[in-house]
Amino acid sequence: MAAVQTTSERALNKVAIISVLIVTIIFLAPIYWIVSTSFKPRHLATTVPPTIVFEPEISPFVKLTLRRSQLREQPTPEEYTAAPWWERLVFDGGEKIVRSGRGEVQLSGYPSRFVNSLIIAITSTILAVAMGTITAYGFSRFKMPGEQDWLFFILSTRMLPPVVVAIPMFLMYRVVGLNDTHVGLIILYTAFNLSFSVWLMKGFIDEIPKEYEEAALVDGYTRMEAFFKVVLPEAATGIAATAVFCFITAWNEYAFALIMTRRDAQTAPPFIPSQVGSGLPDWTVIAAGTFLFLLPVAIFTFLLRNHLLRGMSFGAIRK
Amino acid sequence: MAGISLRGISKTYGGTRALRGLDLDIEDGEFFVLLGQTGAGKTTTLRLIAGLEKPTEGEIYIDGQNVADWNAAERDVALVLQQYSLYPRLSVRGNLEFPLKSKVRNFSSDEIERRVNKAAETLQITKLLDRKVERLSGGEMQRVSIGRAIVREPRVFLMDEPLSALDAKLREALRVELKKLHTELKATFLFVTHDQVEAMSMGDKIGVLNRGKLVQVGTPAEVYHNPCNTFVARAVGSPPMNLFDARVAGGQMEIGSVKVPVGANGTALDGRDLTVGVRPENIRLENGAPVSARVFDIEDHGVVKILTMQVGEDKVHATVPAKTVVRLDETVQFGWQPEKTLLFDRQSGTNISTQ
C-alpha cells in the first residue's frame, strides 16, 4: 500500500473494514447465541428479546454431563448446605442429581455419545485419508487400464444421496450385526469419505512433480521409501485439507447415526436433539451440548490452519 | 566409473515410438552429449539408462553388465534434471545428504558429513549449506542439483538439460564448471541437450538423435565438418549450414541459375540431384564472385558479422569478419571454395562428399 493515501481512499478503506465487521458479526451471531445460552440460567434461555447481559453460570454443563431428575420436594436446608457447589446449582434449577445407592453420581448419556463421536470420526478420517492417499498416488503415478473409468466409478459413489441407501444399509447391517456398533459407523463414514478423499488427494499428488520421486529412486530409495520420504511430506498440505473435510463430514453426520445407532455407538448429533423431547426442553443443556460438540472441529481446523491456508486452494501448491 | 552400451534399444509409449533400434557406446570416462530436438528421444534414453523405464526391446550394459533386471538404485547412476530434483522442504545440506542416507548406501554419519562438505567445496556452495532450497537462485539450485549427484560418487552421471533453465551468462559459467568437474571426477557423463552450442563446447563426443534414431556419433569436429546427412548439417553449427538444391552438369554445379565449379570428384556426379552445403564461415564476399545477393540482415557480434542475404527466394547466411563494410539492401557478390562444400544426395540427404 502506498504511503500516501487520498481522503477518498481512506474513506473507502473504512467502509471496507466496517463491512467486514458487519459480515463477521452476522456470521458469528448464531455461535454467540449457542455459546451464551450454554452459560445462561434456565429461565433466561427463552426470553424474548434474548437476554444479552447476564451472570454466566456453569450449571448447564453440570446438567449435561450428570444424570438428574426433577425435584419432587425441595431439599432440606441440611441437604442443601451439605451438597457440593455444583449440586447446589442443580437444586437451584429445580432438579436433583441422581445418585446410586452408595451415593455416587452417574454420568448422563452425553459424555459417552461425545466419546463415540470422537472415536468414530477420528478413525474413519484416518482410514479414509490413508486409503485415499494411497489410491490417489496409484492413479496419479501409474498407468492402468480403464483409469478414467475407475476414477469415474469412484466419483459416482457420491452421486447418490447417502440417505437413499439408509434403509437397505440398515437391513444389511442388521443381518451382519453391525447395527449400533462403532465398527459399523466407521465403515460407513470411511466409505462416504473415500471417494472424496481419492479425488481431492489425486489433485494434490498430481501437483507434486514426479521428478522428486524419480530423483529418490535413482538415489537408491525404493518406491515405498520414496513415497513416504518424498511424496507424503510434500502432500502434507493436501492431507490436512482432506482430513479436515472428512472429519467434518463424519463428525456432523446425522441421518445414518440416527438410524443405525441407539445406545452403544450413538454419536452426539442424534443424541443432542433427542434430549429436547425429555420432559420440558432445557435449552441451556442443549446449547451446552452443542457448544461442546462444536469444539473439536474448531480445534482441529485451528491446529491445521497453516496447512489449510495453502490446501484450500485445492492443489494449487507452489512449484 | 563405467562405460555404457545400448544394443538395439526400442521404446514404445502406447502407440508412439520414442526410440528405434538405438545402438550407442559411451566409453568409460567420456563426456558424451546427446543432441536432439524436443521429442527426439533424448530424455527417454536417459531414463532407460537410469532404470526409470524399461526398454521395449534391446539391452543396456553398464560396465559390461546387462542391467535389464537392475532397478534404478542398483545401477549406481546419478541423474541431474532441468528442475525439480531438489526437495523444497529441505535445506541445501538436507538435499545433499538425501542420496547418502538411503539404506542401500549405508554410509556412516561421518562419511556423509565428509562427502557433503567435499561436494559443497567443489561446487563452491559451502556458504549455502544451511539455506532453504526455495531461497536459492536458479544457478545455485542447479549447483546443488549437481552436488546431489556428485556426493554419491556414482559410476555414471546422467544430465537432462541441466542448463537450459538458466540464463545465458550462468549457462556459460556452469558449462565451464561441468567440464572441469568431468576432468576432476573422471566419471562417465551423458549429457542431453537441444542446444548445439552446449553439445559442441562440452562433448568429447556428440550423438545426434532424430526422431528416436541415432543419426551420427563423432567428435564435435567430425560432426561439424563432416555431417553424415543434411539433418546433422542443419542441427549443428550456428548460424546453420547453407543448403542449396543443385545439379551437376559438365563439371559445373548449377544452383538455380548460378553456376559454380564443382570440387575434385565433380564429374562422377554428373546428372545427379544434389544438395550442396556450405558453412556460413566459408562464404566469402568478393566483387566478381559468382552469386549476387541483397543484404537482408546484419547481426554484429563484435568479432564477426553474420549476414543474411537474399538470393531469389532463398536466404543465405554468411559469417564475415567484423571489419567488413556492408549496408542493408546493398547488393553484394559472394562465393566459396569448392573444396569447402559438402554434397548430399537430395533424396536421402546422405553426405556423398567422401565417396
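Cut-off values and rules
Residues numbered from 1 in each chain as written. Chains lettered and ligands numbered in written order. Predicted model: local features only at pLDDT ≥ 70, side-chain atom pairs only at ≥ 80, totals over all residues. Heavy atoms only, no water. Helix = DSSP H or I, 4+ residues; strand = E, 2+ residues; numbered from the N terminus. Expected span 1.5 Å × (residues − 1). Buried < 20%, exposed > 50% of the residue type's maximum accessible area, 1.4 Å probe, protein only. Contact = heavy atoms within 4.5 Å. Core = buried A, V, L, I, M, F, W, Y, C linked by side-chain atoms within 4.5 Å. Patch = residues over 30% accessible without salt bridge, like charges linked within 9 Å, V, L, I, M, F, W, Y side chains within 5 Å. Areas by Shrake-Rupley, 256 points an atom, 1.4 Å probe, with all protein chains shown as cover. Salt bridge = Lys/Arg side-chain N within 4 Å of Asp/Glu carboxyl O. Lys, Arg positive; Asp, Glu negative; His and termini not counted. Charge placed at Lys NZ, Arg CZ, Asp CG, Glu CD. 1 Å grid on protein atoms, 1.4 Å probe; cavity = no way out; pocket = protein on both sides within 12 Å on 5 of 7 lines; lining within 4 Å. Points joined across faces, edges and corners; volume = space filled by probe spheres on them. Nonpolar A, V, L, I, M, F, W, Y, C, P; charged D, E, K, R; others polar. Buried area = accessible area lost by both parts, 1.4 Å probe. Polar contact = N/O pair within 3.5 Å; in protein donor to acceptor, adjacent residues only side chain to side chain. Domains from an automatic or database assignment. pLDDT = per-residue confidence, 0-100.

Some points on helix 10 (residues 223-234) of chain A
Residues and elements named next belong to chain A.
Stage number 1. For helix 10, spanning 12 residues, the distance from its first C-alpha to its last is 15 Å, which sits close to the expected 16 Å at 1.5 Å a residue.
Stage number 2. Of all the positions in helix 10, only E225, A226, F227, V230, V231 and E234 are classed as buried.
Stage number 3. Buried residues along helix 10 sit against helix 5 (109-141), helix 9 (210-218) and helix 11 (236-252).

Some points on the nonpolar core
Stage number 1. By size, the foremost hydrophobic cluster in this structure holds 53 residues, and its most contacted members are L6, I62, L79, L158 and L190 of chain B.
Stage number 2. Take this core: its biggest share by element is five residues, from helix 9 of chain A.
Stage number 3. When residues no more than four places from it in sequence are discounted, the contact partners of I62 of chain B are A2, G3, I49, V67, R75, V77, R155 and V156 of chain B.

Brief notes about a positive patch on the surface
All names here are of chain B.
Stage number 1. Among the surface-exposed residues, R17, R20, R211 and K213 lie close enough to one another that they form a single positively charged patch.
Stage number 2. One can find R20 in strand 2 (residues 16-26).
Stage number 3. Assessed through its relative accessible area of 32%, R20 is described here as partly exposed.

Focus on the environment of V151 of chain B
Residues and elements named next belong to chain B.
Stage number 1. Its location among the elements puts V151 in the loop between helix 4 (138-150) and strand 7 (156-160).
Stage number 2. Each C-alpha atom, one on V151 and one on R114, is 9.4 Å from the other, the two residues being 37 residues apart in sequence.
Stage number 3. When residues no more than four places from it in sequence are discounted, the contact partners of V151 are L96, P99, L100, R115, V116 and A119.

Considering empty space enclosed by the protein
Stage number 1. Within this structure, the stated rule accounts for four cavities of 30 Å³ or more.
Stage number 2. Considering the residues around the largest cavity, the lining is formed by A215, V218 and D219 of chain A together with A78, L79, V80, S85, S145, R148, A149 and R152 of chain B.
Stage number 3. Only helix 9 of chain A together with strand 6 (77-80) and helix 4 of chain B provide two or more residues apiece to the lining of the largest cavity.
Stage number 4. A breakdown of the residues in the lining of the largest cavity according to their chemical character gives six nonpolar, two polar and three charged.

Focus on the interface of chain B and chain A
Accessible area lost during the coming together of the parts is what is often quoted as the interface size.
Stage number 1. Contact residues are listed per partner, giving 26 residues for chain B and 19 residues for chain A.
Stage number 2. Here chain B meets chain A over a buried area of about 1,900 Å², counting both sides, of which 55% is carbon and sulfur.
Stage number 3. Together, Y84, R89 and F98 of chain B form the three largest contributors to the area buried by chain B at its contact with chain A, with a combined 33%.
Stage number 4. The interface formed by chain B and chain A holds five salt bridges in total.
Stage number 5. Between E234 of chain A and R89 of chain B there is a salt bridge; the shortest N-O distance is 3.2 Å.
Stage number 6. Here chain B and chain A share 13 residue pairs in polar contact (both at pLDDT 80 or more) between them.
Stage number 7. Of all the elements in the fold, those that place two or more residues in the side of chain B that touches chain A are helix 1 (42-50) and strand 6 of chain B.
Stage number 8. Take the side of chain B that touches chain A: its biggest share by element is three residues, from strand 6 of chain B.
Stage number 9. Class assignment for the residues of the side of chain B that touches chain A results in 15 nonpolar, three polar and eight charged.

Overview of the side chain of N229 of chain B
Residues and elements named next belong to chain B.
Stage number 1. Mapped onto the secondary structure, N229 falls in the loop between helix 7 (220-225) and helix 8 (230-235).
Stage number 2. Overall, the relative accessible area of 17% leaves N229 in the buried class.
Stage number 3. A polar side-chain atom of N229 sits 3.1 Å from the main-chain amide nitrogen of F231.
Stage number 4. Those residues within four positions of N229 in sequence are excluded, and the remaining contacts are V215, F344, G349, T350 and N351.

Things to note about the domain arrangement of chain B
Residue and element names in this part refer to chain B.
Stage number 1. Taken domain by domain, chain B holds domain 1 (4-235) and domain 2 (242-345).
Stage number 2. The interface of domain 1 with domain 2 comprises nine residues on the first partner and six residues on the second.
Stage number 3. Carbon and sulfur atoms supply 61% of the area that domain 1 and domain 2 bury against each other, a total of about 610 Å² over both sides.
Stage number 4. Three residues, Y224, T230 and A233, lead the burial of domain 1 against domain 2; their summed loss comes to 66% of the area buried on that side.
Stage number 5. Linking domain 1 to domain 2 there are zero salt bridges.
Stage number 6. Run the count over domain 1 and domain 2 and you get two residue pairs in polar contact (both at pLDDT 80 or more).
Stage number 7. Where the side of domain 1 that touches domain 2 is concerned, the elements lending two or more residues are helix 7 and helix 8.
Stage number 8. Per-class residue counts for the side of domain 1 that touches domain 2 are four nonpolar, four polar and one charged.

Overview of the confidence of the model for chain A
Stage number 1. Taken as a whole, chain A shows an average pLDDT of 87; of its residues, 94% reach a score of 70 or greater.
Stage number 2. Per-element mean pLDDT across chain A ranges from 73 in helix 15 (residues 305-311) of chain A up to 95 in helix 5 of chain A.

Observations concerning the side chain of T51 of chain A
All names here are of chain A.
Stage number 1. Mapped onto the elements, T51 comes out in the loop between helix 1 (7-37) and helix 2 (59-65).
Stage number 2. Engagement of the side chain of T51 in a polar contact is seen with the side chain of T47, the distance being 2.7 Å.
Stage number 3. Not counting residues up to four positions away in its chain, the partners in contact with T51 are K40 and L44.

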